[in-house]
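What the coordinates show
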Amino acid sequence: MARRGKKKGRPISGWLILDKPVGMGSTEAVSKIKWLFQAEKAGHAGTLDPLASGMLPIALGEATKTVPYVQDGAKIYRFTVAWGQERSTDDLEGPVTKESDLRPSEAQLLALLPKYTGVIMQTPPQFSAIKIAGERAYDLARDGATVDIPAREIEIGRLDVVEHGADHTVFEVECGKGTYVRSLARDMGRDIGCFGHISELRRVEVEPFTSEDFVTIAELEAARFGVEEVDSSDMTEAADTAEAADKVEAPIDFDAIDALLVDTSAALDCLPQIAISDDAATKIRLGNPVIIRGRDAPVEAEEACATARGKLVAIGAIEQGMFKPKRVFAG
């Protein structure tokens, strides 16, 4: 008997800006979204821990080619530091390793913030995805090893106190790629001598996306099945399997759920935009360079984005007035 081939999924492309709930892992979220859209391909732009909530940009189809541009974008987090305890994971998940009766005043914290603003060196948490001798630091830490993780250069655009209480402080930070918010809590607590860990963490922005782009799982399910609420307990377990769709009897409205996507090109707002003709688009999609026309067209650019009729065609370099494609997108 011939084996039944696995369903490929739909060739749908775009960004889904998920408001990830606490308790859901990033990989689980991608599988859920891929299944809801029945997409051929999906990936995310920056891991968000299960204990964290908020913005997880998920790329579908051709949008996966633009993931690096979103990963490199600035991010904004709002987080709460609980004072008096340091934990092995620098958040609520790990056991307490250090304790103190000291509590920081708001004045102490405000005086400390300049030390954590600008280009600084930061040591990632023991429980992090950093690779040490080919192994993930969190795997070594779970085996009881203490890992010597070298400090790395990161950039903090701003760090503000939003609310200060007796045992906790709420901060908001705008930071670049590679920043660990858990390390900020750990290091500030050590500097003051009161110790601290993250008790709540929410990512509110990933450039170029904002909170206005947020979509929840409930909104996606309502759009997908055309109902106000969906009992997804059974669906979540099989979210990444093509067979899961056969178990759902509710009608599918792909137009409604597809309308929640952000266009693939939104991830490339950071690049110069070049409008080209349909004929030029055809040549570019075949891998050929084209002459860039127009008074305002740049003569040189390491990276630029070519569009035709508002649709993304390719990412490439402009050299001596010619666009040379590096990464082509399906029409």
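Up top you'll find the structure we're talking about.
What counts and how
- Residues numbered from 1 in each chain as written.
- Predicted model: local features only at pLDDT ≥ 70, side-chain atom pairs only at ≥ 80, totals over all residues.
- Heavy atoms only, no water.
- Core = buried A, V, L, I, M, F, W, Y, C linked by side-chain atoms within 4.5 Å.
- Buried < 20%, exposed > 50% of the residue type's maximum accessible area, 1.4 Å probe, protein only.
- Contact = heavy atoms within 4.5 Å.
- Helix = DSSP H or I, 4+ residues; strand = E, 2+ residues; numbered from the N terminus.
- Expected span 1.5 Å × (residues − 1).
- Axes fitted to C-alpha atoms, helices over the stretch in contact; angles between N-to-C directions.
- Parallel < 35°, antiparallel > 145°, perpendicular 65-115°, else oblique.
- Left-handed = near helix turned anticlockwise from the far one by under 90°.
- Pairing = 2+ DSSP bridges.

Observations regarding the nonpolar core
Counting residues in each nonpolar core, the largest one holds 47 residues, and the members touching the most others are I33, F37, F79 and F171. Beyond its immediate chain neighbours, meaning those up to four positions away, F171 contacts Y77, R78, F79, V81, W83, L109, L113, L159, D160, V161, V162 and M188. Residues I276, A304, A314 and F323 belong to the second largest nonpolar core, which totals 15 residues.

A look at the environment of E93
By secondary structure assignment, the location of E93 is in the loop between β5 (85-87) and β6 (96-99). The exposed category is assigned to E93, whose relative accessible area is 62%. For the pair E93 and L51, spaced 42 residues apart in sequence, the C-alpha separation works out to 8.0 Å.

Section: the side chain of T64
Within the secondary structure, T64 sits in the loop between β3 (53-60) and α2 (67-71). On the basis of relative accessible area, T64 is assigned to the buried category, the value being 19%. The residues contacting T64, other than those within four sequence positions of it, are K41, A42, G43 and A59.

Side note on helix α5 (residues 181-192)
Across its twelve residues, α5 extends 17 Å between first and last C-alpha, which sits within 8% of the 16 Å expected from 1.5 Å per residue. Counting buried positions along α5 gives ten out of twelve residues, so the element sits mostly inside the fold. Turning to α5, its buried residues number three or more, namely V181, R182, S183, L184, A185, R186, D187, M188, G189 and I192. Looking at the residues trailing α5, positive phi occurs at G193, about 90°.

Here we look at the packing of helix α1 (residues 26-37) against helix α6 (residues 217-225)
Two elements in contact, α1 and α6, have axes separated by 10 Å at closest approach and are oriented at 15°. One element, α1, and the other, α6, form an angle in the roughly parallel class. Between α1 and α6 the crossing geometry is left-handed. Contacts between α1 and α6 involve K32, I33, W35, L36 and F37 from the first element and I217, L220, E221, R224 and F225 from the second.

Quick word on the sheet that holds strand β16 (residues 311-319)
With mixed pairing, five strands are arranged side by side in an open sheet as β13-β15-β16-β17-β14. At either margin of the open sheet sits one strand with a lone partner, and together these are β13 (273-275) and β14 (290-291). Here three bridges tie β13 to strand β15 (residues 301-308), and the two strands are oriented parallel to one another. Of the residues in β15, the one forming a bridge with A275 is T307. Where helix α9 (residues 278-285) meets the sheet, it contacts β14, β15, β16 and β17 (322-328), and its direction lies at approximately 75° from that of β16.

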